[in-house]
Amino acid sequence: MPPAPGDREARRRDVSEAVWRVLADKGFGELTLRSVATAMGVSTGMLMHYFPTKRALITHALDLLEKRTAERPRRARPAAGLATVRALLLDILPLTPGDTARNRIWVSSWDLSLADDGLTTEQADRYTRLRSTIRPHLEAARDIGELPAATDPEQLAATAVAFTHGLVVQALFDPGRFPEEVQITMLDDFLASTALPRCDGGPAPGVGVRY
């Protein structure tokens with residue numbers, strides 16, 4: 001017998017918490033109906049009231065991961081242009097234990113997403129949204145003279161995301177080689193390579209300045 005609507009919503013929150021515990025502990029590779037049921041201390045039959053298939057569970061887990069990523073503490077957006085681009089990209093990097101844990105979960109989801117056309121599309125859409133978030137700030141940087149006038153903000157947003165996620169992967173696999181200060185320096189060097197030099201030879205505004 002399925003639970004009543006009010007009980008169902010409360011139980012679904014409990015399920016979400018159990019899903020998150022499994023993800024944080026073992027990643028997507030060990031996310032199964034059985035592992036979540038074990039984390040909750042219930043039967044897989046009860047869990048199937050909420051997720052009748054493993055794919056439904058994975059879809060929920062990805063949505064939960066995206067929601068928790070969106071709700072994490074963010075750096076202030078200090079000024080228009082590259083300073084805000086820098087803050088957005090710093091928010092992606094695994095610079096804290098929480099950020100490292102979230103990035104490990106995201107990376108663990110890639111294998112499953114690549115094996116399923118629907119999940120592949122959803123993951124591509126997430127990257128499209130990320131690029132769309134960054135692009136207006138690159139446009140502002142171009143308009144205020146921090147970037148060359150010929151800069152294509154769409155392409156540079158794609159390059160910035162590719163660079164940042166490549167750095168994420170390296171930092172996850174080799175944290176000793178890529179500690180916080182190295183990641184930040186590499187990001188600043190990347191942004192400086194895209195920016196117009198100042199007349200005094202210093203970095204563009206917002207580049208190489210910690211917030």
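Please refer to the structure placed before this passage.
Residues numbered from 1 in each chain as written. Predicted model: local features only at pLDDT ≥ 70, side-chain atom pairs only at ≥ 80, totals over all residues. Heavy atoms only, no water.

## Re the packing of aromatic side chains
Here is step 1 of the chain: Summed over all chains, the structure comprises one aromatic pair.
Here is step 2 of the chain: The interplanar angle of 5 degrees and the centroid separation of 4.5 Å between the aromatic rings of F163 and F190 together place this pair among those described as stacked. Taken together, the residues F163 in helix 8 (residues 153-173) and F190 in helix 9 (residues 180-194) connect sequence positions 27 residues apart.
Here is step 3 of the chain: Note on F163: relative accessible area 23%, which makes it partly exposed.
Here is step 4 of the chain: Lying over the aromatic face of F178, R177 brings its terminal NZ or CZ to 4.8 Å of the ring centre. (Phe/Tyr/Trp six-rings, centres within 6.5 Å; stacked < 30°, edge-to-face > 60°. Helix = DSSP H or I, 4+ residues; strand = E, 2+ residues; numbered from the N terminus. Buried < 20%, exposed > 50% of the residue type's maximum accessible area, 1.4 Å probe, protein only. Lys NZ or Arg CZ within 6 Å of the ring centre and 35° of its normal.)

## Concerning the pattern of salt bridges
Here is step 1 of the chain: Across all of its chains, the model carries 13 salt bridges by this definition.
Here is step 2 of the chain: Between D116 and R55 there is a salt bridge; the shortest N-O distance is 2.9 Å. With D116 in the loop between helix 6 (97-114) and helix 7 (117-143) and R55 in helix 4 (residues 54-71), this pair connects stretches of sequence that are 61 residues apart.
Here is step 3 of the chain: Since its relative accessible area comes to 37%, R55 is described here as partly exposed.
Here is step 4 of the chain: With a closest N to O distance of 2.8 Å, K67 and E71 form a salt bridge. Taken as a pair, K67 and E71 lie in helix 4 at a separation of four residues, close to a single helical turn.
Here is step 5 of the chain: One salt-bridge network, in which partners are shared between bridges, spans D63, E66, R126 and R129. (Salt bridge = Lys/Arg side-chain N within 4 Å of Asp/Glu carboxyl O.)

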